[in-house]
Amino acid sequence: MAATVFVLNGPNLNLLGTREPDIYGADTLDDIAGMLEDRARELDLEIDLRQSNHEGHLVDWLHEAQAVGARAVLLNAAAFTHTSVALLDAIKAIRTPVIEVHLSNPHTREGFRHKSFVGMAAHGTIAGFGPTSYLLALEAAARLA
Ligand code: CA2
């Protein structure tokens, strides 16, 4: 059976492709899901992509990733990246590797985006490549032991 990679997306990413295309691009989350599923098939992986505007859902899904034995989690926690000690603790609480993903490069943006609670515990971070960030993160997940 193919290993599963969770792709967890935080607040407002349900609106992707509808606003601020200069920063986040024109692709929707469904477009990104399709792109990931195509590549996952080639890598013999399965994608379980979810989005929530609620911090606790993301915490629960990180726990679930470990419980079901997911290969890795790709996590774009959106604004919670910069605020959430709960996500930091959840990532530390599981053994499943978490790869932090961002469409934009937060380090070239406002100062409040330079701190990442997710990055403090993530296996690694890929940021700044638009939807390709997710694809690169999937490639990295496929190469994890
Ligand atoms: O670049 C990223 O992927 C971010 O995680 C996106 C977050 C932002 O708070 C992070 O600093 C960097 C914002 C996601 C908001 O998504 C929208 C989508 C469409 C229209 C407006 C916002």
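Refer to the structure above for everything that follows.
This report concerns the structure included in the present document. Here the structure is a predicted model, which is why all the values come from computation and not from measurement.

## Overview of the site of the ligand
The full set close to the ligand counts 15 residues, and Asn 76, His 82, Leu 103, Ser 104 and Arg 113 are the nearest of them. Ala 79 places a main-chain nitrogen or oxygen 3.5 Å from an oxygen atom of the ligand. Leu 103 is positioned with one of its backbone polar atoms (N or O) 2.7 Å from an oxygen atom of the ligand. For the ligand, the protein covers 94% of the area, taking 510 Å² as the surface of the free molecule. The residue inventory of the shell around the ligand, partitioned by class, reads seven nonpolar, five polar and three charged.

## Some thoughts on the sheet that holds strand β2 (residues 45-51)
An order of β2-β1-β3-β4-β5 is seen for the five strands of this open sheet, with the pairing classed as parallel. In the strand order of this sheet, the two ends are held by β2 and β5 (124-127), each with one partner. Within this sheet the neighbouring strands show an average axis-to-axis angle of 20°, counted without direction. Sheet topology places strand β1 (residues 3-9) next to β2; seven bridges connect them, and they run parallel. Following the sheet pairing, Phe 6 is matched in β2 by Asp 48. Packed on one face of the sheet, helix α3 (residues 55-67) meets β1, β2, β3 (72-76) and β4 (98-102) and runs near 170° to β1.

## Here's the deal with the pairing of β4
Where burial is concerned, most of β4 is hidden: five out of the five residues are buried. Residue alternation in β4 divides its side chains into two sets, Val 98, Glu 100 and His 102 and Ile 99 and Val 101, and both sets are buried. Direction of pairing for β4 relative to β5: parallel, over a ladder of four bridges. Looking at β5, one finds that Val 101 is bridged to Ile 126.

The rules behind each value
Residues numbered from 1 in each chain as written. Predicted model: local features only at pLDDT ≥ 70, side-chain atom pairs only at ≥ 80, totals over all residues. Heavy atoms only, no water. Near = heavy atom within 4 Å. Polar contact = N/O pair within 3.5 Å; in protein donor to acceptor, adjacent residues only side chain to side chain. Areas by Shrake-Rupley, 256 points an atom, 1.4 Å probe, with all protein chains shown as cover. Nonpolar A, V, L, I, M, F, W, Y, C, P; charged D, E, K, R; others polar. Pairing = 2+ DSSP bridges. Helix = DSSP H or I, 4+ residues; strand = E, 2+ residues; numbered from the N terminus. Axes fitted to C-alpha atoms, helices over the stretch in contact; angles between N-to-C directions. Contact = heavy atoms within 4.5 Å. Buried < 20%, exposed > 50% of the residue type's maximum accessible area, 1.4 Å probe, protein only.

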